[in-house]
Amino acid sequence: MQKQNRRIRILASMLCEVLLILLAYGFSFLVRFYLMDGIVNDSMTQSFSLRMILAYSVVTVLLYWMAHLYVPVNYLALRKELPRVVLINFGGAVALGFLLYAFRITEFSRIALLLFSVFSTVLICARRILVHLIARKHRIAGDRWIHVVLVGSGKLAKQYVKDINNNPHLGVAIDGYVGFKDAVGVGRHLGNVERIG
C-alpha cells in the first residue's frame with residue numbers, strides 16, 4: 001500500500017511539473033510578445049510549437065526522474081535537488097535552442113526561449129521548495145516518521161542518535177537499539193541480538 005501511494009505521488013508530481021513547464025511556456029510567450037511588443041506570427045501559435053513544448057516538458061521530467069529527483073522528500077536534501085533542476089532546465093533550453101537552429105526553425109524567439117528557461121526553473125524550484133517546507137512541517141509535528149531500530153550501541157550508534165536528534169526535520173524516530181549490553185545515550189534497550197533473532 002505504501003509503495004502504491006508513493007508511486008501515485010511520484011506520478012502526480014511528474015504531471016504537476018509537466019503542467020508547470022507548459023505554464024512557463026505560456027508566461028514566456030505572453031511576456032515576450034505582448035509585454036515586450038514582439039511580433040507574433042501565426043506559425044508560433046500553431047500546434048507544432050505546442051507539441052514541441054509538450055515533448056520538451058515530458059523529456060525534461062524524464063530527465064528529472066533519471067537524476068533521481070522523484071525520491072521521497074526526506075531522502076534528498078534541497079541543496080542537492082535544486083542545482084540538478086537548474087542544470088537540467090538550462091541544459092534542456094540550450095539543447096532546445098540547438099535543435100531549433102539545426103532544423104532551421106526560425107519562428108521561435110531566443111528571448112522567449114531564455115524567458116522560458118528562467119520561468120520554468122523558477123516555477124519548478126518554487127514547487128519543490130514548497131513541498132519540502134510542507135513535508136518538513138509534517139515531520140517535525142511527528143507525521144510520516146520513519147521508525148528505526150539500531151543494531152549495536154557503540155560510538156557510531158551514539159553519533160547517529162545525536163545527528164537524528166539534532167535534525168528532527170529528517171523524520172526519523174529511533175525506537176531503540178539491540179545490543180549485548182545497556183548503553184547510555186543510545187535509547188531504549190530492546191534486548192540482545194540472540195533473543196530477537
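Being a predicted model, the structure only gives us computed values, none of them experimental.

A.B. asks: Quick question: what am I supposed to make of the overall build of the chain here?
C.D. replies: Each helix and strand in the chain was counted, giving six helices and two strands. Sequence-ordered secondary structure for the chain, helices as α and strands as β, is α-α-α-α-β-α-β-α. Summarising the internal contacts of the chain: among those between residues at least 6 apart in sequence, 70% fall at separations of at least 24. Split by element, the accessible area of the chain, about 12,800 Å² in all, is 66% carbon and sulfur.

A.B. asks: What am I meant to see in helix H5 (residues 155-166) here?
C.D. replies: Residues spaced three or four apart along an α-helix point in a common direction, a consequence of the helix completing one turn every 3.6 residues. With twelve residues, H5 should cover 16 Å at 1.5 Å per step; its first-to-last C-alpha distance of 16 Å lies within 8% of that length. Those residues of H5 not exposed but buried are Ala157, Val161 and Ile164. Projection of H5 onto a plane perpendicular to its axis shows the buried side chains occupying an angular sector of 65°, all on one side. More than 90 degrees from the buried face of H5, the exposed residues found are Lys155, Leu156 and Asn166. Packed against the buried residues of H5 are strand S1 (146-151) and strand S2 (172-178).

A.B. asks: Teacher, can you tell me more about the pairing of S2 here?
C.D. replies: Note on strand geometry: in a regular strand, side chains alternate between the two faces of the sheet. In terms of burial, S2 is a largely internal element, five of the seven residues being buried. In this sheet, S2 lies alongside S1 in parallel orientation, the contact comprising six bridges. When the sheet's bridge partners are listed, Val148 is paired in S2 with Ile174.

A.B. asks: So what exactly am I meant to see when it comes to a positive patch on the surface here?
C.D. replies: A cluster of basic residues, Lys3, Arg6, Arg7 and Arg9, forms a positive patch at the surface. Topologically, Arg9 is positioned in helix H1 (residues 2-35).

A.B. asks: What should I look at first to understand the packing of helix H3 (residues 78-102) against helix H4 (residues 110-141) in this one?
C.D. replies: Any two packed helices are characterised by how steeply their axes cross, that is the angle between the axes, and by the distance between the axes. Closest axis-to-axis distance for the H3/H4 pair is 10 Å, and the angle between their directions is 160°. With respect to their mutual orientation, H3 and H4 come out roughly antiparallel. Both H3 and H4 take part in a crossing whose hand is right-handed. When H3 is examined against H4, the residues Leu78, Glu81, Leu82, Val85, Val86, Asn89, Phe90, Ala93, Leu96 and Gly97 are found in contact with a partner set consisting of Leu113, Ser117, Val118, Ser120, Thr121, Ile124, Cys125, Arg128, Ile129 and His132.

A.B. asks: Sorry, what's going on with the nonpolar core here?
C.D. replies: Side chains that are nonpolar tend, in soluble globular proteins, to be buried together. Judged by nonpolar contacts, the single largest core of 28 residues is most densely connected at Ile53, Val61, Tyr64, Leu96, Phe108 and Phe116. If you tally residues by element for this core, the top one is H1, at eight residues. Excluding residues within four positions of it along the chain, Leu96 makes contact with Met52, Ile53, Tyr56 and Leu113. By size, the runner-up hydrophobic cluster in this structure holds nine residues, among which are Val148, Leu150, Ala157 and Tyr177.

A.B. asks: For this particular structure, what's the right way to read a nonpolar patch on the surface?
C.D. replies: A cluster of nonpolar side chains, contributed by Leu54, Val58, Val59, Leu62, Leu63, Trp65 and Met66, occupies part of the molecular surface with about 650 Å² of accessible area. With respect to the helices, strands and loops of the structure, Leu54 is situated in helix H2 (residues 47-66). For Leu54, a relative accessible area of 40% corresponds to the partly exposed category.

A.B. asks: So what exactly am I meant to see when it comes to unusual backbone geometry here?
C.D. replies: Apart from glycine, the bulk of residues carry a negative phi angle, and the bulk of peptide bonds sit in the trans form. Notably, His68 is not glycine yet its phi reads approximately 60°, a positive angle. Along the chain, the position of His68 falls in the loop between H2 and H3.

A.B. asks: So what exactly am I meant to see when it comes to the side chain of Glu17 here?
C.D. replies: Secondary-structure assignment places Glu17 in helix H1. Separated by 3.1 Å, the side chains of Glu17 and Arg127 make a polar contact. With residues up to four places along the chain from it excluded, the contact list for Glu17 reads Val61, Tyr64, Tyr70, Ile124, Arg127 and Arg128.

A.B. asks: For this particular structure, what's the right way to read the packing of aromatic side chains?
C.D. replies: The description of an aromatic ring pair uses the distance of the two centres, along with the angle that the planes make with each other. Under the definition given, this model contains four aromatic pairs. Aromatic pair Phe27 and Phe119: ring centres 6.3 Å apart, planes at 85°, arrangement edge-to-face. Placement of the pair is Phe27 in helix H1 and Phe119 in helix H4, with a sequence separation of 92 residues. Sitting over the face of the ring of Tyr64, Arg128 holds its NZ or CZ atom 5.7 Å from the ring centroid. The ring centre of Tyr70 lies 5.2 Å from the NZ or CZ of Arg128, which sits over that ring.

Cut-off values and rules
- Residues numbered from 1 in each chain as written.
- Predicted model: local features only at pLDDT ≥ 70, side-chain atom pairs only at ≥ 80, totals over all residues.
- Heavy atoms only, no water.
- Helix = DSSP H or I, 4+ residues; strand = E, 2+ residues; numbered from the N terminus.
- Contact = heavy atoms within 4.5 Å.
- Areas by Shrake-Rupley, 256 points an atom, 1.4 Å probe, with all protein chains shown as cover.
- Expected span 1.5 Å × (residues − 1).
- Buried < 20%, exposed > 50% of the residue type's maximum accessible area, 1.4 Å probe, protein only.
- Arc of directions from axis to C-beta.
- Pairing = 2+ DSSP bridges.
- Patch = residues over 30% accessible without salt bridge, like charges linked within 9 Å, V, L, I, M, F, W, Y side chains within 5 Å.
- Salt bridge = Lys/Arg side-chain N within 4 Å of Asp/Glu carboxyl O.
- Lys, Arg positive; Asp, Glu negative; His and termini not counted.
- Charge placed at Lys NZ, Arg CZ, Asp CG, Glu CD.
- Axes fitted to C-alpha atoms, helices over the stretch in contact; angles between N-to-C directions.
- Parallel < 35°, antiparallel > 145°, perpendicular 65-115°, else oblique.
- Left-handed = near helix turned anticlockwise from the far one by under 90°.
- Core = buried A, V, L, I, M, F, W, Y, C linked by side-chain atoms within 4.5 Å.
- Polar contact = N/O pair within 3.5 Å; in protein donor to acceptor, adjacent residues only side chain to side chain.
- Phe/Tyr/Trp six-rings, centres within 6.5 Å; stacked < 30°, edge-to-face > 60°.
- Lys NZ or Arg CZ within 6 Å of the ring centre and 35° of its normal.

Shape descriptors only; they carry no functional weight alone.
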